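The residues making up each chain are set out below.
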Amino acid sequence: MQVLSKAFTPGIFLKTETSKRCPGGLPGTVEMDTPDGVCLAKETVWPCPEYRISEDTIRNRCMQELTLIPGIGPARADVLRKKGSRYLTDLGHTVWRDSAYEIADVIQNGSPSEIFGIFQDAHRGNDPLLLGFSHALPGEELLYFDIETLGMFQSPIILFGCGFRKGTELTVVQYLLRDIEDEPAALSLTARLFKEHSHVVTYNGKGFDVPYLNNRLSYYGERTVHPDLHFDLLYPTRRLYRSALSDCCLGTVETYILKKPRADDLPGYLVPAYYQKYLRTRDVSNLTPIIEHNELDVANLALLLCTECEAVYG
């Protein structure tokens, strides 16, 4: 990976008096030496609920979505159902026959990506029904992903949180920058995980985490990542729980939906301040709350995805 000397210029409050590495390291971390440099890595294991949905179940549910057809809204779909048209293929006697059969063929025989495309064409790309594919596909193909940054546009990613399933366990791997110049190594290791796992699970990752990752990869002249399927839980969460919650911030959802309120957790908005203090003082105790916050973010993604799939499919 080509390192650009001006990839990041610290502001005055980020300047340090020494370039020495953080002394003593952090408990539970190891040094990762890559062709692109060095960064810290930490691995933890979390229990992960086992929940499976058959593709047949998902496709059957999608076949009942009459509003996927252009020209059919919720009200008209209700009228058609009352007349006995429960599935797309029941519309063979109507003016929507051709569209219904075309969409039905994709749902019955197409790939999950093609079915996602059908929903996107109907402006329903974030429909909770699509979450079912996350538990129909092999669990090992999913990568749970969350990043921490300095809170400034185009600033480095200081911590990369990645999780992947192994049976009923979720392995959370985090890549941490001890210094700003560690970013190329952490980017390289993260991009490798994206290659090993076909699909990604995030919370607001379509608008933030994945584009931010690609922005940093592009800055160093590296290939960007493009998951086959992206399960961004923010939008299904809004569809499922917005009326019951004051907001859909992840912390609120964890407290009231997952029943897992965080105790003594570092708020996300304080992450930049804690990391900046570490850069000034080299006191590694400022890194521990950041790591723990990110680890919970990743671990709870897996739990929230399972919870929402159960809410939709039972």
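Because the structure is a prediction, the values reported are computed rather than measured.

## Describing the layout of surface pockets
Item 1. Counted as a void, the largest pocket has a volume near 680 Å³.
Item 2. Lining the largest pocket are 26 residues, with Leu 250, Gly 268, Tyr 269, His 293 and Asp 297 sitting closest to its centre.
Item 3. Those elements that place two or more of their residues in the lining of the largest pocket are strand E3 (142-149), helix H6 (205-219), helix H8 (250-256), helix H9 (271-281) and helix H10 (288-313).
Item 4. In this structure, the second largest pocket occupies an estimated 330 Å³ of space.
Item 5. Residue lining of the second largest pocket: 17 residues in total, with Ala 191, Arg 192, Lys 195, Arg 223 and Val 225 positioned closest to the centre.
Item 6. At five residues, the largest contribution of residues to the lining of the second largest pocket is made by helix H5 (residues 183-196).
Item 7. Split by residue class, the lining of the second largest pocket holds six nonpolar, five polar and six charged.

## Section: helix H7 (residues 234-241)
Because each turn of an α-helix spans 3.6 residues, side chains separated by three or four positions end up pointing in the same direction.
Item 1. The complete set of buried residues in H7 reads Leu 234, Pro 236, Thr 237 and Tyr 241. Angularly, the buried residues of H7 cover 160 degrees about the axis, an arc narrow enough to put them on a single face.
Item 2. Contacts made by the buried residues of H7 are with strand E7 (229-232), H8 and H10.

## Regarding the side chain of Glu 148
Item 1. Here Glu 148 lies in strand E3.
Item 2. Residues within four places of Glu 148 in sequence aside, it is in contact with Ile 157, Ile 158, Leu 159, Val 271, Ile 290, His 293, Asn 294 and Asp 297.

## Focus on the pattern of salt bridges
Item 1. This model, assessed by the stated rule, comprises 15 salt bridges.
Item 2. Measuring nitrogen to oxygen at the nearest pair gives 3.9 Å for the salt bridge that ties Asp 182 to Arg 178.
Item 3. The exposure class assigned to Asp 182 is buried, which follows from its relative accessible area of 1%.
Item 4. Within this structure, Glu 65, Arg 124, Asp 127 and Arg 239 form a network of salt bridges that share partners.

## Looking at the sheet that holds E3
Item 1. Here we have seven strands laid out as an open sheet, ordered E1-E2-E5-E4-E3-E6-E7, and mixed in their pairing. The open sheet is flanked by strand E1 (29-34) and E7, the only strands paired with a single partner. When the angles between neighbouring strand axes are averaged without regard to direction, this sheet yields 25 degrees.

## Concerning the pairing of strand E4 (residues 157-166)
Item 1. Judged by how many residues are buried, E4 sits mostly within the fold: nine of 10 residues are covered.
Item 2. Hairpin connection from E4 to strand E5 (residues 169-176): two residues lie between these consecutive antiparallel strands, with Gly 167 at a positive phi of about 65 degrees.

## Points about empty space enclosed by the protein
Item 1. Counted under the stated rule, the structure contains one cavity of 30 Å³ or more.
Item 2. Here the largest cavity is characterised by a volume of approximately 80 Å³.
Item 3. Taken together, Phe 116, Gly 125, Asn 126, Asp 127, Leu 130, Leu 131, Lys 206, His 230, Phe 231, Asp 232 and Pro 236 form the lining of the largest cavity.
Item 4. Looking at the lining of the largest cavity, the element that brings in the most residues is E7, giving three residues.
Item 5. Residues that form the lining of the largest cavity fall into these classes: five nonpolar, three polar and three charged.

What counts and how
- Residues numbered from 1 in each chain as written.
- Predicted model: local features only at pLDDT ≥ 70, side-chain atom pairs only at ≥ 80, totals over all residues.
- Heavy atoms only, no water.
- 1 Å grid on protein atoms, 1.4 Å probe; cavity = no way out; pocket = protein on both sides within 12 Å on 5 of 7 lines; lining within 4 Å.
- Points joined across faces, edges and corners; volume = space filled by probe spheres on them.
- Helix = DSSP H or I, 4+ residues; strand = E, 2+ residues; numbered from the N terminus.
- Nonpolar A, V, L, I, M, F, W, Y, C, P; charged D, E, K, R; others polar.
- Buried < 20%, exposed > 50% of the residue type's maximum accessible area, 1.4 Å probe, protein only.
- Arc of directions from axis to C-beta.
- Contact = heavy atoms within 4.5 Å.
- Salt bridge = Lys/Arg side-chain N within 4 Å of Asp/Glu carboxyl O.
- Pairing = 2+ DSSP bridges.
- Axes fitted to C-alpha atoms, helices over the stretch in contact; angles between N-to-C directions.

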